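For reference, the chains in residue letters:
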Amino acid sequence: MSLKTFAKGVHPAEFKSLSEDKPIEKMPLPSEVFIPLQQHIGAPCTPVVEKGQMVKTGQVIGKSGGFVSSTIHATITGKIKTIEKFPHPLGINVPMVNIMAEGEEELLPLENLPEKWENASREEILDIILRAGIVGLGGAAFPTQVKLNPPKGKSIDTFIVNGCECEPFLTADHRMMLEQSQELLTGIRIIMKVLNVKRTFIGIEANKMNAVDTLRQATKSFSEITVVPLKVKYPQGAEKMLIDAILNRHVPPGGLPLDVGVVVQNVGTTIAIAQAVTAGKPLIERVVTVTGDAINEPKNVLVRIGTSFQQLLDFCGGLTNNAAKIIMGGPMMGVAQSSLQVPVIKATSGIVCLSDKYTQAKPIYPCIQCGNCVSACPMNLLPTRLARYAEVGNLIMAENLGILNCIECGSCAFVCPAHIPLVQQIRLGKLQINELKRKSKSI
Ligand code: SF4
Ligand code: SF4
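Here we look at the overall build of the chain
Part 1: Each helix and strand counted, the chain has 13 helices and 17 strands in total.
Part 2: Relative to the globule expectation of 22 Å for 443 residues, the C-alpha radius of gyration of the chain, 21 Å, shows essentially globular dimensions.
Part 3: Its C-alpha atoms put the chain at 65 × 55 × 50 Å along the principal axes.
Part 4: The long-range fraction of contacts in the chain, counting pairs at least 24 apart against all pairs at least 6 apart in sequence, stands at 73%.
Part 5: For the chain, the accessible surface area stands at approximately 19,500 Å², while carbon and sulfur atoms represent 54% of it.

This is the structure we're talking about:
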């Protein structure tokens, strides 16, 4: 049977065997955490606590009044040492609440939960998701209550669970599908109620057939939920590619999944919704894959948000002597780190530790017009021309050729024999165009 997929894309080596068979381990509580007050796309949070104050796990420490906003909670019980700027994994300094563990660990659950979620209104459920601080855990960190509340005029008929985890090395979603299938099922049913949809697809790449089997078994009494194995290809887990593969619907350039009647949520996000709505658990921890050839004990770890990368890597046996590069996320779209003192954030799906074997700089040559990048681009763009226009500052041509539709998947750079840093150049062009647009709006 041929598996569903999308057009184009690439086939990087998987490297998942390092951690795919490792059950999720709960890391002991860290001695201190650094919790950024901005962990989602949208308005940053304002602290509602003070230096020196005692807080309990789950206590709200940051709130935002914007529509696209989320809530930030204390992730350990202890005393607030300071609230100031510290380094963030995205390479900037942002305000963080630094809590030192003190006293007995105590979790404050969310209040005002319905006795049975089945009897709650969609507004009540969306309010719980907002108060629980749930954002997209696949890496985008978009506030989930906003995504589940499409604007008037947008009709949603399908919910898709993204179980692709197409980035090499990462296995956290795979383990959650195997170990938390009942919570995932509950999360799906809650989301179907909120969206008022009659069907759900769970898309899983065919390199995780044990997860396909587990979820088919878990959902066998629910005819409205279908598990769909998909061809192993990168970036199968990008929302537009997932919708294309499963439904053969094409999100228009500049559009969103809701423009074709679809909402997509990642596995971890769906489970977090179940935990918040049924048990009142705010988003204080997440599963992170710590892997690569430069970590001594690759693992899938349930870790408190705000734990430093250093503490988490120590829990995994520490780095090997030849460690050369640490990446937050996967190697295709992740962000290289210059310090291990940065904290795990809600968007930290993995930490990939690579030795010098995989990180030697390759010489960059002029473009040989081979067309590999065009053949690989899942968004049907012309990466070589976009990168060139961005590099020379011809932003009008770059925008005319659709640079803003680039999803920064890295497929073009992956196949480029000249090792041209296509994505960096395109990303820079996008940043410059968006900055110009922002300035022209504010005039
Ligand atoms: S141009 Fe953008 S969307 Fe196309 S392959 Fe390159 S990074 Fe991916
Ligand atoms: S893959 Fe590299 S060398 Fe080939 S056309 Fe694209 S940019 Fe040029």
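A closer look at a nonpolar patch on the surface
Part 1: Together, F15, L18 and Y358 give the surface a local cluster of nonpolar side chains, amounting to about 240 Å² of exposed area.
Part 2: Judged by its relative accessible area of 32%, F15 falls in the partly exposed class.

Focus on the packing of aromatic side chains
Part 1: This model, assessed by the stated rule, comprises three aromatic pairs.
Part 2: Centre to centre, the rings of F15 and F169 are 4.6 Å apart; their planes meet at 5 degrees, and the pair counts as stacked. A residue pair is termed long-range when its members are at least 10 positions apart, and F15 in the segment before β1 (25-26) and F169 in the loop between β9 (158-163) and α3 (172-179) qualify at 154 residues.
Part 3: With centroids separated by 4.8 Å and ring planes inclined at 70 degrees, the aromatic side chains of F34 and F86 adopt a geometry described as edge-to-face. Taken as a pair, F34 in strand β2 (residues 32-36) and F86 in strand β7 (residues 78-87) lie far apart in primary sequence, 52 residues in all.
Part 4: In this structure F34 comes out as buried when scored by relative accessible area, which is 15%.
Part 5: Through a chain of ring-to-ring contacts, three or more aromatic side chains come together here, namely F15, F169 and Y358.
Part 6: The ring of F6 is capped by K233, whose NZ or CZ atom sits 4.4 Å from the centre of that ring.
Part 7: Looking at K299, its charged tip hangs above the ring of F315, at a distance of 4.2 Å from the centre.

Section: the pairing of strand β8 (residues 93-101)
Part 1: Examined bridge by bridge, β2 and β8 share five bridges and lie antiparallel to one another. Residue V33 lies in a different strand from β8, and its bridge partner there is I99.
Part 2: Bridge count between β7 and β8: nine bridges; the pairing is antiparallel. Across the sheet, T82 pairs through a bridge with N98, a residue of β8.
Part 3: Between β7 and the antiparallel strand that follows it, β8, lie five residues; G91 among them carries a positive phi value of about 85 degrees.

Here's the deal with the site of ligand 2
Part 1: In the region of ligand 2, 13 residues are neighbours, and C367, C370, G371, C373 and C416 sit closest.
Part 2: Each residue belonging to the shell around ligand 2 can be placed in one class, and the counts come to nine nonpolar, four polar and no charged.

So, how was this worked out
- Residues numbered from 1 in each chain as written.
- Chains lettered and ligands numbered in written order.
- Predicted model: local features only at pLDDT ≥ 70, side-chain atom pairs only at ≥ 80, totals over all residues.
- Heavy atoms only, no water.
- Helix = DSSP H or I, 4+ residues; strand = E, 2+ residues; numbered from the N terminus.
- Rg over C-alpha atoms; globule rule 2.2 N^0.38 Å.
- Contact = heavy atoms within 4.5 Å.
- Areas by Shrake-Rupley, 256 points an atom, 1.4 Å probe, with all protein chains shown as cover.
- Patch = residues over 30% accessible without salt bridge, like charges linked within 9 Å, V, L, I, M, F, W, Y side chains within 5 Å.
- Salt bridge = Lys/Arg side-chain N within 4 Å of Asp/Glu carboxyl O.
- Buried < 20%, exposed > 50% of the residue type's maximum accessible area, 1.4 Å probe, protein only.
- Phe/Tyr/Trp six-rings, centres within 6.5 Å; stacked < 30°, edge-to-face > 60°.
- Lys NZ or Arg CZ within 6 Å of the ring centre and 35° of its normal.
- Pairing = 2+ DSSP bridges.
- Near = heavy atom within 4 Å.
- Nonpolar A, V, L, I, M, F, W, Y, C, P; charged D, E, K, R; others polar.

Without other data, these values stay purely geometric and don't point to any function.
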